[in-house]
Amino acid sequence: MAIISSNIGDTNFPPSRKELRVVDSDIINEEKNNKNLNFARPKTFNEFIGQERLKSSLRIAIDASIYRKEPLEHTLLYGQPGLGKTTLAFLIANEMNTNCRVANAPAIERPRDIVGLLLGLKEGEILFIDEIHRLNRLTEELLYSAMEDFRLDVTMGANRGARCRTINLPKFTLIGATTKLASISAPLRDRFGISQRIEFYSNNELQQIILNFSRLINLNLENEASFNLAKISRGTPRIALRLLKRIRDYAQVIKNTNNISSDVVEKALNSQKIDEKGLDPLDRKYLSFLNLNKNNPIGLDAIAAGLGDDSSMLEFVVEPYLIQIGFLMRTSRGRLLTSLAKKYINSKNDKY
């Protein structure tokens, strides 16, 4: 049973409708305001490129839920940033013909915030919580009974004035998204009936995503140029589209054109200091630092201290792509460069 103590304002519990609107306006923000993101999002599974295994599994679960006239089981989506977790949550809601309410875990600061969101849900609706691994302990405990039994068990007041109350909730689906599956506590993780990993995208899939987006923003992108861009996009649509927009800026300002050739792509990326492997200055700085130690493994904290960067940022932003292209190995003793990385560094001696 989760406890909501008097120091979080239980005298006004449950939250009023006005408080619910405040919670929503604070938390449900980015997806409504970022029109540039929203118009590019696919509206159906058929429009969603890639992740075929995941889509097939979700389709079966969705069709089964519709057949039984039940909400979809609580679903956990995990993977690297920018792979489409939020987009998939909206697609699931669309397939279930219901609404999707969006919250970001760091913005849910108090237990009453999650209570407000849960009480604001209607039958069959979806609550999407991004970065769900960052929920605090009290908030997480409130979700246990909400997810399992669709009820909230709360204690209001303190000491002798404390009283228990059970609030029934409509049946809903919680979709959680995380980049750090291991950081989610086992009790919360086990309450998700569906758990799906989102993989990196192939170059061909990224090329199709790039071409589709280029048409939306009125760019004439050559096939070779789109594939060259796909190759350096780290298997991630968000990165591909971000780079495409920077290439558009370069083409329109420097070249005064909306026609994008391979030459324009190369020059635009050079202006951003991104090379033919898709490595940026921080990636090259990381590789250079490891190369100074020759074949000796280096711990992540030591690398972060040497580069003056945050270790979490290196671990979850820089290293995945270096591992993906075969430049880096993680060992129990630390990080090591591969022979491919050393060959790359030798070819860039003038820059190191």
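Residues numbered from 1 in each chain as written. Predicted model: local features only at pLDDT ≥ 70, side-chain atom pairs only at ≥ 80, totals over all residues. Heavy atoms only, no water.

Asker: Explain the overall build of the protein chain residue by residue, including any values.
Answerer: In terms of regular secondary structure, the protein chain is built from 16 helices and 11 strands. A burial count over the protein chain gives 47% of its 352 residues as buried. Residue pairs in contact within the protein chain that sit at least 24 positions apart in sequence constitute 70% of those at least 6 positions apart. On the protein chain, roughly 18,000 Å² of surface is accessible, and the fraction owed to carbon and sulfur atoms is 46%. (Helix = DSSP H or I, 4+ residues; strand = E, 2+ residues; numbered from the N terminus. Buried < 20%, exposed > 50% of the residue type's maximum accessible area, 1.4 Å probe, protein only. Contact = heavy atoms within 4.5 Å. Areas by Shrake-Rupley, 256 points an atom, 1.4 Å probe, with all protein chains shown as cover.)

Asker: Hey, could you go over the nonpolar core for me, with residue numbers and the actual values?
Answerer: Formed by 50 residues in total, the largest nonpolar core has its most connected members in Leu 88, Ile 92, Leu 244, Ile 247 and Ile 260. Considering every element that reaches this core, the biggest residue donor is helix α11 (residues 237-255), with eight residues. When sequence neighbours within four positions are dropped, the list of residues in contact with Leu 244 reads Ile 210, Phe 213, Ser 214, Ile 217, Leu 219, Leu 221 and Leu 229. Counting residues in each nonpolar core, the second largest holds 28 residues, with Leu 152, Val 154, Leu 174 and Leu 188 among its members. (Core = buried A, V, L, I, M, F, W, Y, C linked by side-chain atoms within 4.5 Å.)

Asker: Quick rundown of the side chain of Gln 207? Include the residues and the values.
Answerer: Mapped onto the fold, Gln 207 is located in helix α9 (residues 203-216). Not counting residues up to four positions away in its chain, the partners in contact with Gln 207 are Asn 223, Ser 226, Phe 227 and Ala 230.

Asker: Give a description of the environment of Cys 164 that names residues and reports values.
Answerer: Mapped onto the elements of the fold, Cys 164 is located in strand β5 (residues 163-168). Taking relative accessible area as the criterion, Cys 164 reaches 58% and is therefore assigned exposed. Along the backbone, Cys 164 and Val 154 are 10 residues apart, and their C-alpha atoms lie at a distance of 5.8 Å.

Asker: Outline the pattern of salt bridges, listing residues and values.
Answerer: Within this structure, the stated rule accounts for 16 salt bridges. Between Asp 113 and Arg 110 there is a salt bridge, with its nearest N and O atoms 3.2 Å apart. Accessibility expressed as a relative area gives 6% for Asp 113, which makes it buried. The class for Arg 110 is partly exposed, based on a relative accessible area of 42%. For Arg 330, the salt bridge goes to Glu 319, with nearest N and O atoms at 2.9 Å. Of this pair, Arg 330 sits in strand β10 (residues 328-331) while Glu 319 sits in helix α15 (residues 311-324); the two residues are 11 residues apart in sequence, bridging distant segments of the chain. Residue classification places Arg 330 among the partly exposed positions, given a relative accessible area of 41%. Salt bridges here are not isolated pairs; linked through shared partners, they connect Arg 234, Asp 280 and Asp 283. (Salt bridge = Lys/Arg side-chain N within 4 Å of Asp/Glu carboxyl O.)

Spatial relationships are all this shows, so hold off on functional conclusions.
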